[in-house]
Amino acid sequence: MIKVNIDGALGFLNESELSSIDTKKPLEDLKALYENGWINLPSQFDAAYSDEIKDIAKKISDESEVLVVLGIGGSYLGARAAIEYIISPHYNALSKKTPDIYFAGNNASGAYLQQIIELIGTRDFSVNVVSKSGSTIETAIALRFFKALLTQRYGAQGLKDRLYITTDKGSPLHLMAEREGHRYLLMPAEVGGRYSVLTVVGLLPCAVAGIDIDAMMKGAKEEFETGEENACLYAAVRQMLYRSGKKIEMLACFEPAFRYLGEWWKQLFGESEGKEHKGIYPAYADYSADLHSLGQYVQEGERTLMETFVSFAKPRVNPVIPGGAIHFDKISKLEGMGLNEINASASKAVKKAHIGGGVPVTELLVPELSAASFGALAYFFMRSCAVSALISGVNPFGQPGVEAYKKNLFAILGLD
């Protein structure tokens, strides 16, 4: 489903060296690693698992006007990315029959937390806390605030019924759920947080938002079955460019709905590859907007950049430019043209300009913005990321560097 076009990068590559990059061994290593449970997730998704998630989602939707998802990193980025990509970046502002969904527990800002509580107001709400370890400090603190709010509003029984827990077996959250009687769903133990979007971590909030999770997993399964070659090509090209001095990858898309998928991609690649003083620095740009803030640097700054464009063959909508807004300007010639044609032309113009300025551009071609293509993209990125990390000689699983700040924070707060 996801196609890779490397024409815009070939002028910066030695094709014989590209063909010499071994992706077969990294794939074999990937399948042999213990922490690779996400590899087979699309093929293991079944009706029973789907029905369990949908049952909880229906209960939340029937009882609540708001769902608050508490989590940080992979515990929330994938779900938020899916909702914005598949439905809209303006999901909460839309007229709809599904609950508003707010994300908290991803920072320690009192102002942010208070604003979420104010947004809930007097509306009925439920909480889904997502934490693999069950002890991430930002999420654990937010949980205490929302447990207090649930208890204040609904009493002990309401707290029990309206708090849903997603965690690892044996974690403090799992033990709390069993002791206090909260409904819980266990994360696959072998799936790391940033690889968990196609588990209950991402699927439950998506189901609450009314997204067809079966279609999402069908797209992931198609990519699992047919996309290995394209994922390996993307991994190999970015590693070749890295060896030639391109240390930063700018993922860019001309659809604002892609923004949080770009944020999820940053975590996925940053935490998987950035080890042992190696790794391509992942950045995301929202085009055309960021062309008017970063465009000058991309065009003429240091030549350490590579770009990856994500393009869609079919637009969600294609409104036609009306006439008469401003007289005597050149834009009048475009009246009657669809915005998709403008967006596609902008992408071609930027690609041509950046390649001419010394920036190699790879394109990922996606059929449309849909639940199926989200599942396909998520799986494509996870597989290509793991292969790319293994090509560079680092383990794509675990994030030992992240633990340094946690250790320091616990020491400062007297929790060690």
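What this report covers is the structure whose coordinates are included nearby. No experiment lies behind these values; they were computed from the predicted model shown.

Focus: the nonpolar core
Part 1: One finds W38, Y85, M216, F258, W264, F374 and F381 to be the most contacted residues of the largest nonpolar core, which totals 93 residues.
Part 2: A total of 14 residues in this core trace back to one element, the largest contributor, which is helix α15 (residues 371-391).
Part 3: Non-local contacts of W38, meaning those with residues more than four positions away in its chain, are made with L30, V191, Y195, Y379, M382, R383, A386 and F397.
Part 4: By size, the runner-up hydrophobic cluster in this structure holds 22 residues, among which are F146, L149, L150 and M176.

Some points on the packing of aromatic side chains
Part 1: Summed over the entire model, instances satisfying the criterion amount to 22 aromatic pairs.
Part 2: Ring geometry for F125 against Y154: centres 6.0 Å apart, planes inclined by 55 degrees, an arrangement best described as tilted. Note that F125 is positioned in strand β4 (residues 125-131) and Y154 in helix α7 (residues 137-162), a separation of 29 residues in sequence.
Part 3: Overall, F125 belongs to the buried group, its relative accessible area being 0%.
Part 4: Judged by relative accessible area, Y154 falls into the partly exposed class, the value being 22%.
Part 5: Taken together, a centroid distance of 5.6 Å and an interplanar angle of 25 degrees make the contact between Y234 and F380 stacked. With Y234 in helix α11 (residues 228-243) and F380 in helix α15, the pair connects residues that are 146 residues apart, well separated along the chain.
Part 6: Under the relative-accessibility criterion, Y234 is labelled buried at 2%.

A look at the environment of K25
Part 1: Considering the arrangement of structural elements, one finds K25 in helix α2 (residues 24-32).
Part 2: The class of K25 is partly exposed, set by a relative accessible area of 45%.
Part 3: In the structure, K25 is positioned 362 residues away from V387 in sequence and 9.2 Å away in space, judged by C-alpha atoms.

As for the pairing of strand β7 (residues 248-253)
Part 1: Most of β7 is tucked away: five of the six residues are buried.
Part 2: Bridge count between β7 and strand β8 (residues 281-286): six bridges; the pairing is parallel. Its bridge partner being in β8, M250 is matched across the sheet by A283.
Part 3: With helix α12 (residues 259-273) bridging β7 and the parallel β8, this β-α-β connection has right-handed handedness.

So, the pattern of salt bridges
Part 1: A complete count under the given rule lists 18 salt bridges for this structure.
Part 2: The salt bridge involving R238 is made with E249; its shortest N-O contact spans 2.6 Å. Of this pair, R238 sits in helix α11 while E249 sits in strand β7, and the two are eleven residues apart along the sequence. Of the two residues, R238 and E249, both sit in the buried class.

Regarding α11
Part 1: Given a rise of 1.5 Å per residue, 16 residues ought to cover 22 Å, and the 23 Å separating the end C-alpha atoms of α11 matches this to within 8%.
Part 2: Those residues of α11 that sit buried are A231, C232, Y234, A235, A236, V237, R238, Q239, M240, L241 and Y242.
Part 3: At the exit of α11 stands G245, carrying a positive phi of roughly 110 degrees.

Some words on the sheet that holds β8
Part 1: Taken together, five strands build an open sheet; the order of strands is β1-β10-β9-β7-β8 and the sheet is mixed. Edge positions in the open sheet fall to β1 (3-5) and β8, since each of these has one partner strand only. Neighbour-to-neighbour, the strand axes of this sheet turn through a mean angle of 25 degrees, independent of strand direction.

A few points about helix α4 (residues 47-63)
Part 1: Compared with the 24 Å implied by 1.5 Å per residue over 17 residues, the 24 Å span of α4 between its first and last C-alpha is a close match.
Part 2: Taken together, the buried residues of α4 touch β2 (66-70), β4, β5 (163-167), β6 (183-186), α9 (200-208) and α10 (213-226).

Basis of the calculations
Residues numbered from 1 in each chain as written. Predicted model: local features only at pLDDT ≥ 70, side-chain atom pairs only at ≥ 80, totals over all residues. Heavy atoms only, no water. Core = buried A, V, L, I, M, F, W, Y, C linked by side-chain atoms within 4.5 Å. Buried < 20%, exposed > 50% of the residue type's maximum accessible area, 1.4 Å probe, protein only. Helix = DSSP H or I, 4+ residues; strand = E, 2+ residues; numbered from the N terminus. Contact = heavy atoms within 4.5 Å. Phe/Tyr/Trp six-rings, centres within 6.5 Å; stacked < 30°, edge-to-face > 60°. Pairing = 2+ DSSP bridges. Right-handed = clockwise from strand over helix to strand, strands pointing away. Salt bridge = Lys/Arg side-chain N within 4 Å of Asp/Glu carboxyl O. Expected span 1.5 Å × (residues − 1). Axes fitted to C-alpha atoms, helices over the stretch in contact; angles between N-to-C directions.

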